[in-house]
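# An overview of the molecular structure
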Amino acid sequence: MKINVRQIVVAGVLSAIAIVLGVTQLGFIPVPNLSGSATIMHIPVILGAVLEGPIVGVLVGAIFGIYSMVTDTTGLFTNPIVSVLPRLLIGVTSYYTYKSLSGGNGAVAAAAAGVVGTLTNTILVVGALVAFGLIPAAAIPTIVPQALVEVVLAAIITVLVAQGVNLVRSGRTTAADTKDGNY
Amino acid sequence: MSLEFSRNVTFGQYIDIRSAVHNLDPRTKMICAAVIMACAFMTRGLISIAPLFALAIIVQLATRIPIGYTLRGYRLLFRTMLFFVPFQVLFYQAIPGVEMHYYWRWWILSVSYEGILGGIFTLSRVIVLYHSINTLMFTTTMMDLSDGAEIMMDPLKKLKFPVNEFVMTMTIALKFVPLLITELERLMRAQIARGVRFDQGSVIARTRKLVPVLIPLFVNALSRAEILIVAMNARCYRGGEGRTKRRTMHATARDVIAGVIVLLFGGLGAYIGRTMGI
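Calculation rules
- Residues numbered from 1 in each chain as written.
- Chains lettered and ligands numbered in written order.
- Predicted model: local features only at pLDDT ≥ 70, side-chain atom pairs only at ≥ 80, totals over all residues.
- Heavy atoms only, no water.
- Helix = DSSP H or I, 4+ residues; strand = E, 2+ residues; numbered from the N terminus.
- Contact = heavy atoms within 4.5 Å.
- Areas by Shrake-Rupley, 256 points an atom, 1.4 Å probe, with all protein chains shown as cover.
- Buried < 20%, exposed > 50% of the residue type's maximum accessible area, 1.4 Å probe, protein only.
- Salt bridge = Lys/Arg side-chain N within 4 Å of Asp/Glu carboxyl O.
- Polar contact = N/O pair within 3.5 Å; in protein donor to acceptor, adjacent residues only side chain to side chain.
- Nonpolar A, V, L, I, M, F, W, Y, C, P; charged D, E, K, R; others polar.
- 1 Å grid on protein atoms, 1.4 Å probe; cavity = no way out; pocket = protein on both sides within 12 Å on 5 of 7 lines; lining within 4 Å.
- Points joined across faces, edges and corners; volume = space filled by probe spheres on them.
- Phe/Tyr/Trp six-rings, centres within 6.5 Å; stacked < 30°, edge-to-face > 60°.
- Expected span 1.5 Å × (residues − 1).

### Some remarks on the overall build of chain A
From N to C terminus, chain A includes seven helices and two strands. Along chain A, helices and strands appear, N-terminal first, in the series α-β-β-α-α-α-α-α-α. Nonlocal contacts in chain A, meaning residues at least 24 apart in sequence, comprise 62% of its contacts between residues at least 6 apart. Taken as a whole, chain A presents about 7100 Å² of accessible surface, with 70% of it coming from carbon and sulfur.

### Examining unusual backbone geometry
Residues and elements named next belong to chain B. Even without glycine at this site, Lys160 takes up a positive phi of about 65 degrees. When you line up the elements, Lys160 lands in the loop between helix 7 (142-152) and helix 8 (163-193). For Lys160, a relative accessible area of 69% corresponds to the exposed category. Even without being a glycine, Cys236 presents a positive backbone phi close to 60 degrees.

### Comments concerning the interface of chain A and chain B
Contacts between the two partners involve 53 residues from chain A, matched on the other side by 58 residues from chain B. Across the pair Glu226 of chain B and Arg6 of chain A runs a salt bridge whose closest N-O atoms are separated by 2.6 Å. Across the chain A-chain B interface, the total number found is one residue pair in polar contact (both at pLDDT 80 or more). When residues of the side of chain A that touches chain B are traced back to their parent elements, those giving at least two are helix 1 (5-23), strand 1 (28-30), helix 2 (43-52), helix 3 (54-70) and helix 7 (140-170) of chain A. Take the side of chain A that touches chain B: its biggest share by element is 16 residues, from helix 1 of chain A. Here the residues of the side of chain A that touches chain B sort into 37 nonpolar, eleven polar and five charged.

### Section: the layout of surface pockets
Think of a ball as big as a water molecule: rolled over the atoms, this probe shows where empty space is left. Each pocket or cavity is described by its volume, and for the second largest pocket that value is around 1200 Å³. Lining the second largest pocket we find 41 residues, and of these Ile66 and Val70 of chain A together with Met153, Phe166 and Met170 of chain B sit closest to its centre. Elements with a minimum of two residues in the lining of the second largest pocket: helix 3 of chain A together with helix 2 (26-40), helix 6 (113-139), helix 7 and helix 8 of chain B. By residue number, the principal contributor to the lining of the second largest pocket is helix 3 of chain A, which donates nine residues.

### Observations regarding the packing of aromatic side chains
Any aromatic ring pair is given by two values, namely how distant the centres are and how the planes are angled relative to each other. Residue and element names in this part refer to chain B. On inspection of all chains with the given rule, the structure shows three aromatic pairs over all chains. Taking 5.7 Å as the distance between ring centres and 65 degrees as the angle between the ring planes, the aromatic pair formed by Phe161 and Phe166 counts as edge-to-face. When its relative accessible area of 6% is taken as the criterion, Phe166 is described as buried.

### Concerning the side chain of Thr135 of chain B
Residues and elements named next belong to chain B. Along the polypeptide, Thr135 turns up in helix 6. We classify Thr135 as buried; its relative accessible area is 9%. When sequence neighbours within four positions are dropped, the list of residues in contact with Thr135 reads Val59 and Thr63.

### Quick word on empty space enclosed by the protein
Overall, the coordinates contain one cavity of 30 Å³ or more when judged by the stated rule. Around the largest cavity, the lining comprises ten residues; the ones closest to its centre are Val70 and Thr71 of chain A together with Leu129, Tyr130 and Ile133 of chain B. Ranked by residue count, the leading element in the lining of the largest cavity is helix 6 of chain B, at five residues.

### Some points on helix 10 (residues 253-276) of chain B
Residues and elements named next belong to chain B. Between its terminal C-alpha atoms helix 10 stretches 34 Å, which fits the 34 Å expected from 24 residues at 1.5 Å a residue. Among the residues of helix 10, Asp255, Ala258, Gly259, Val262, Gly266, Gly269, Ala270, Ile272 and Gly273 are the ones counted as buried. Where helix 10 ends, the next residue or the one after it, Gly277, has phi of about 65 degrees, a positive value.

This is the structure we're talking about:
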C-alpha cells in the first residue's frame, strides 16, 4: 500500500482534532442515559473519508481507536476488537456511501456518509461489547437515545464542515479571510 | 465553564528536564507502560492495585516532574470520574458469597462498604493507567517516541504494513494537539465574547453553538496541513523505504533495571489479582 504525503498529513491533522475533542471533553454532548454523553469524536474520521478518501479515513480511525484504547478509563475498550477495529471501518463505509451518492447533491451525500459512519461506529462497538460479554444485551435499549443523537449530530456537522472546507478550498473566499485572528 | 484547556490539558506534552526516567531508552519506556497497563487490568481489588499504585508513586518521584503539574492533567479526568464513581457505588452488585455491609439501601440503589471500596478501586486503577501513559509522554521526546514505535512495529513491515507512514501520521497528530487546543481556546473565547454560553441549553442548542467553533477549527487545521504538505514535499519526504537514522538506540543496564522494577511491582499486582481476586 502506498500512502502519499498529503494523506499522511491530512490524516495526522484530523486525528489531532479527534484527540482534542476527547481531551477537552468538547466532543461529548450530555445526553440523559447510562453513559451520559453522545460523542462527536468520530466525526473527523468521517470527514477524512469524505474529503480525502478511504485511506485517510482508515488512518484517522486507527489513531482514534488507539487513543480510545490507551485512555480508556472504564475497562471496556482495552480490547482492540472493541476499540480499534470498528473505527477502521467507519472510514470505509462512510467513504463508499459518500462516493455512491456524490453524483447528486453533495450535502445529501455528506449527510448520508455521516449517518452511515456513525451507525458503523455505534453498531460495531456495541456489538463487540455484547459479543465479548462486557455489557449485557439488555443494556442495548439504553444506548438507543444516545445513538440517535449521535446520528443527528454527525449528519449535521459532517455536512456543515465538509461544505465549509470545500468552500475555502474552492477559493471563492480568500485564504486571508480565515487567517489567525480574523474569525 | 473554564476555558483554560491549554493549562489543564497536559496530554502529549514533553517536559524537558533531566531524570533517570528521561534517560531510559524509549523502547523500554513503551514496553514498561504497556506492562503496567496490562497488569492494571489483571487487578481485582484494592490490595492487588496497591503495588501498581506504589510503582506509580516511585516513577513519579523518579521523573522529577512537579507533582502539581502531573495533577493538573487529571483535572478533566476527575470531572468525569466525579460522575462515574458515585454511579458505580450506587449500583454496586453484590458478589455471591460475600456478605455486604449496607449503610443505606433503596430498591436497586445502595451505599455499602464494599461498594465504596469498589469505587475507590476503580478510581485508583484509572489513575494508574492514566499515569503510565502520561509519564511516557512527559519523559519522551516526540522523535524518540516515533523512532521507538517504528522499531517496535518493524515485524509488521513483512506484512507490507506501511509502518513509517503510520508512525509519521501518529507523530503529526500528537504534535498538532497542543496547537489545536490553543486554537480551539481562541475560537471559543471569540464566541464567548459574542455572548455564547457553551455550558447551557439542550442537546440541539449545544450543537448549534459548537458548529461556529468546529468549522473554523477544521478549516484552519486543514490549511495548516497544506503548508506542512508543501514543506514535507520540498524536503523530499518519501516514506520509510531506504531511510536511515542519524541516531541509533542502545539499551543499557539502566533499562534492564527499570524493566525488572516494573515487572516486579506489576507482576506482584497481577499475581495477587489473578490468584486471590482481591
